Amino acid sequence: MTLLARLHNRAPLLAPALLPALAILAGCSAAPPADAPLSEEARAAVTADAGAPKDQLARAIDDIFTAPGVGETRAVVLMANGKLAAERYGPGYDADTRFVSWSMAKTVTGVLIGMLVADGLLALDEPAPVPLWQRPGDPRAEITLRHLLQMRSGLRHTEAGDPPYESSEVRMLFLDGRDDMARWAEEQPLEAEPGEVFEYSSNTSVILADIAARALTDSTNPETRRKAVADYLQERLFTPLGMTSMVPEFDASGTLIGGSLMHATARDWARLGEFLRSKGRAPGGEQLVPSRWVEAMVTPSPASPHYGFQTWLNRPIPGVEPGEHPLFPDRAPESLFSLIGHMGQYVLVSPQQRVTLVRLGHSGNEERKAMLQQAADVLELYPVR
């Protein structure tokens, strides 16, 4: 969510006279040297059955919290081989804190669509069932569900704009589209042929959420729409996974804000990651979504090697340096995939290493790059199988 990052990062310039004092303070708060003794808090974060050298893992996780230039880490939960390997929280946060998803919600929306396809209520490669697009001669009738899932609808959705209030995301969430987000997103014209161009878009995920509501109820009553989607998610996904903290948000028309606003504890975000690592299987063995759907979610689209169905992939991007990649294909298996949210929310899932790493916090653009390298240090402690 690049645009919101810009909004958060526009801080007033500091007076030059303050810079020397700030430099001294920065030196005082710098992370300890690499060979400094580990704190009790750092050691206590790692379980006895972590599946990796305990001290090395404790230090790698400590770096996510304390290394300079990584922003504020508020929670880390690490699962290895299906077991809790480490868990740690920043000051003021704990295992009961609900953290906002931001764009991690998109992957939940992708799972929701997969369940509806499996139920026979939606079809992946037929025209997306958006009534506004079905008028004779409307070129948007060529947009399929697959196009929407892979962020290649061709619609004029600009995630980050200059000035910020001109972006499609901000207008939909906070300005003229906020009461009926899906309608605002669906009204936008095409700017490219459906299927041709990758355009990351929160608006697209809200269209998917609207399609889900229409599949579950014919009613236009906001409360009926909200209840239909909320109950379906609760019964079919959250309860079987034990995700008792999950709170999804809806707009005034009853549409799930499926691109950016769900809330859950770090442990529940880890449960979702483990569910995807297990190809849609719940801890009790129930197949909640077909395994082939999860495989499709982590398969590169024709327009973007680093993106599948509402999910980020650790695949190299031609012409893009590793440091500019949303993940780190130079340091982890290409099979790794991730939920990624604004300001540094990550659920990193590495099936070949049997690991899920959750990092939640508050980091700017450059801080996120540094923090991801610390996360890669954690993952590198686990063998690729």
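Scroll up to find the structure this text is about.
Q: Whenever I open this one, empty space enclosed by the protein confuses me. Can you help?
A: To find leftover empty space, one rolls a probe the size of a water molecule over the atoms. Taken as a whole and judged by the stated rule, the model has one cavity of 30 Å³ or more. In this structure, the largest cavity encloses a volume near 40 Å³. Lining the largest cavity are Met151, Arg152, Ser153, Gly154, Leu155, His157, Glu199, Ser201 and Thr204.

Q: So what exactly am I meant to see when it comes to the pairing of strand S9 (residues 355-362) here?
A: Consecutive side chains along a regular strand alternate between the two faces of the sheet. The element S9 is extensively covered by neighbouring structure, given that seven of its eight residues are classed as buried. The pairing of strand S1 (residues 72-80) with S9 spans eight bridges and is antiparallel. Counted as the bridge partner of Ala80 is Val355 from S9. By the bridge criterion, five bridges tie strand S8 (residues 345-350) to S9 in an arrangement that is antiparallel. Across the sheet, residue Ser350 finds its bridge partner in S9, namely Val355. Where S8 folds back on S9, the antiparallel hairpin that results is connected by four residues, among which Arg354 adopts a positive phi of roughly 60 degrees.

Q: Would you mind going over the environment of His362 with me for this structure?
A: Along the chain, His362 turns up in strand S9. In this structure, the C-alpha to C-alpha distance between His362 and His342, residues 20 residues apart in sequence, is 8.5 Å.

Q: In this structure, what is going on with the environment of Gly280? I would like to understand it.
A: By secondary structure assignment, the location of Gly280 is in the loop between helix H11 (266-277) and helix H12 (291-297). Considered as a pair, Gly280 and Ser291 are eleven residues apart in the sequence and their alpha carbons are 5.6 Å apart. Not counting chain neighbours up to four residues away, the residues in contact with Gly280 comprise Phe275, Glu286, Gln287, Leu288, Val289 and Val294.

Parameters and conventions
- Each chain carries its own residue numbering, running from 1 in the written order of its sequence.
- A pLDDT threshold of at least 70 governs which residues receive local features in this predicted model, and a stricter bar of 80 or more applies before side-chain atom pairs are shown or counted, although totals over entire chains, interfaces and linings include all residues.
- The basis for every side-chain value is the complete set of non-hydrogen atoms in the structure, without hydrogens or water.
- The distinction between a cavity and a pocket rests on a 1 Å grid over the protein atoms alone: a 1.4 Å probe fits inside a cavity but cannot get out, while a pocket stays open yet meets protein on both sides within 12 Å along at least five of seven lines, and a residue with an atom within 4 Å of a point counts as lining.
- Grid points are joined across faces, edges and corners, and a volume is the space filled by probe spheres set on the points.
- Only protein chains enter the accessibility calculation, which uses a 1.4 Å probe; a residue is then buried when its area is under 20% of its type maximum, exposed when over 50%, and partly exposed in between.
- Going along the chain from the N terminus, every DSSP run of H or I of four or more residues is numbered as a helix, and every run of E of two or more is numbered as a strand.
- Two strands make a pair as long as DSSP finds a minimum of two bridges between them.
- Residues count as neighbours in contact if any of their non-hydrogen atoms are within 4.5 Å of one another.

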